[in-house]
Amino acid sequence: MATKRGALIIFEGLDRIGKTTQSKLLFEYLSNECGILCERLAFPDRSTQIGSLIDAYLQRKIEFNDHTIHLLFSANRWECIDSMRTKLLQGYTLIVDRYAYSGVAFSQAKGLDKLWCQSCDIGLLKPDLVLYFHREKQSNCLLYTGDERYETKQFQEKVEFYFEQFRSSSHQWKDINVINKDNTNMRDKESIQNEIRLYVKDCLEGIKTNHIEELWKEN
Ligand code: NYM
Ligand code: MG
């Protein structure tokens, strides 16, 4: 029997909201406890030449105008898609920290046009599952600041506004509220991880053919 392809699973959301922690937990669970072939990757992939330019930009060592850096983020995804496709078809599930949704939301927060932002990512591999980490609007939790470009409360709030516009737009998109019901504290890691595992289980069971659709293209 031909190998069943793996799933493309994306973690999206603001900076420092717990995506990396949870994606690592999922990776360990799938590989060690379920014996499922999988790999973790992240965008930006700072290890490539394009990625090193992005890294320098984020650390404020070099400047690009807003359109140029947007295209570099997109190019950084395109340069990885052949190896991603190959891995998926070999049966690897890919757990990916950020994707084109971050590309659009962060650039829209700088005032760029949504359609222009989306256009350069049309035709990328379409995710089988997008786990969107968010907090309820009225919650004051999170929005820690950091040292990189974009990591200010004011900017993250703008990005959040644009991320919200992608919500519930497709059945692949699942919301993960990281704040407790009382809206004051972070949920514990285990409960978030358990919720994620349910979505992932459904997603893996739902893959019926090896065909991989294209992002943002009507079929
Ligand atoms: N970012 C990430 C973008 O602005 N556009 C993109 O296409 C992607 C993938 O890079 N603040 C931003 C979001 C983050 C920053 O990402 C670095 P990370 O996950 O913190 O390394
Ligand atoms: Mg960050």
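Data block above holds the structure.
Residues numbered from 1 in each chain as written. Chains lettered and ligands numbered in written order. Predicted model: local features only at pLDDT ≥ 70, side-chain atom pairs only at ≥ 80, totals over all residues. Heavy atoms only, no water.

K.L.:
Summarise the site of ligand 1; cite the residues concerned and give the values.
P.N.:
Close contacts around ligand 1 come from Asp15, Phe43, Pro44, Arg46, Leu58, Phe73, Arg77, Arg98, Ser102, Gly103, Phe106 and Tyr150, and that covers them all. Arg98 places a polar side-chain atom, nitrogen or oxygen, 2.7 Å from an oxygen atom of ligand 1. Within the contact set of ligand 1, an oxygen atom lies 3.3 Å away from a backbone nitrogen or oxygen of Gly103. Summarising the interface, the protein chains cover 89% of the accessible area of ligand 1, which totals 480 Å² for the free molecule. (Near = heavy atom within 4 Å. Polar contact = N/O pair within 3.5 Å; in protein donor to acceptor, adjacent residues only side chain to side chain. Areas by Shrake-Rupley, 256 points an atom, 1.4 Å probe, with all protein chains shown as cover.)

K.L.:
Describe unusual backbone geometry, and please don't skip the residues or the numbers.
P.N.:
For the bond from Phe43 to Pro44, the omega torsion is 0°, close enough to zero to count as cis. For Arg98, which is not glycine, the phi dihedral falls at a positive 70°. Tracing the backbone through its elements, the reader meets Arg98 in the loop between strand 3 (93-97) and helix 5 (100-108). When its relative accessible area of 13% is taken as the criterion, Arg98 is described as buried. Phi is positive for Tyr150, which is not a glycine, with a value near 80°. Topologically, Tyr150 is positioned in the loop between strand 4 (129-134) and helix 7 (153-164). Judged by its relative accessible area of 11%, Tyr150 is buried. (Helix = DSSP H or I, 4+ residues; strand = E, 2+ residues; numbered from the N terminus. Buried < 20%, exposed > 50% of the residue type's maximum accessible area, 1.4 Å probe, protein only.)

K.L.:
Go over the nonpolar core with me, naming the residues and quoting the values.
P.N.:
Side chains that are nonpolar tend, in soluble globular proteins, to be buried together. Within the largest apolar cluster, 37 residues are counted, with the highest numbers of intra-cluster contacts made by Leu8, Met84 and Tyr99. Counting only elements with at least two residues in this core, the list comes to strand 1 (8-13), helix 2 (49-58), helix 3 (66-78), helix 4 (81-89), strand 3, helix 5, strand 4 and helix 7. Ranked by the residues each element gives to this core, the list is headed by helix 5, at five residues. Counting residues in hydrophobic clusters, the runner-up holds 20 residues, among them Leu30, Leu129, Leu131 and Phe133. (Core = buried A, V, L, I, M, F, W, Y, C linked by side-chain atoms within 4.5 Å.)

K.L.:
How would you summarise the sheet that holds strand 5 (residues 173-177) if you had to cite specific residues and measurements?
P.N.:
What the five strands build is an open sheet, ordered 2-3-1-4-5; its pairing is parallel. What marks the edges here is a single partner per strand, and that holds for strand 2 (38-42) and strand 5. Across the sheet, the axes of successive neighbouring strands diverge by a mean angle of 20°, strand direction being ignored. Bridge analysis of strand 1 against strand 3 gives four bridges, and the strand direction is parallel. Paired with Phe11 across the two strands is Asp97, which belongs to strand 3. Docked against the sheet, helix 4 engages strand 1, strand 2 and strand 3, running at close to 140° with respect to strand 3. (Pairing = 2+ DSSP bridges. Axes fitted to C-alpha atoms, helices over the stretch in contact; angles between N-to-C directions. Contact = heavy atoms within 4.5 Å.)

K.L.:
Please give an account of the packing of aromatic side chains that cites residues and values.
P.N.:
Here the distance between the centres and the angle between the planes together describe a pair of aromatic rings. As enumerated under the stated definition, the model contains 16 aromatic pairs in all. Ring centres 5.4 Å apart and planes at 45° place the aromatic pair Phe106 and Tyr150 in the tilted group. In this pair, Phe106 sits in helix 5 while Tyr150 sits in the loop between strand 4 and helix 7, placing the two residues 44 residues apart along the sequence. Both residues of the pair, Phe106 and Tyr150, count as buried. Of the aromatic side chains, those joined through ring pairs into one cluster are Tyr57, Phe64, Tyr101, Phe106, Tyr132, Tyr150, Phe155, Phe163, Phe166, Trp173 and Trp216. For Arg149, the ring lying beneath its charged end belongs to Tyr57, and the centroid distance is 3.8 Å. One residue, Arg197, lies across the ring of Tyr29, its end atom 3.7 Å from the ring centre. (Phe/Tyr/Trp six-rings, centres within 6.5 Å; stacked < 30°, edge-to-face > 60°. Lys NZ or Arg CZ within 6 Å of the ring centre and 35° of its normal.)

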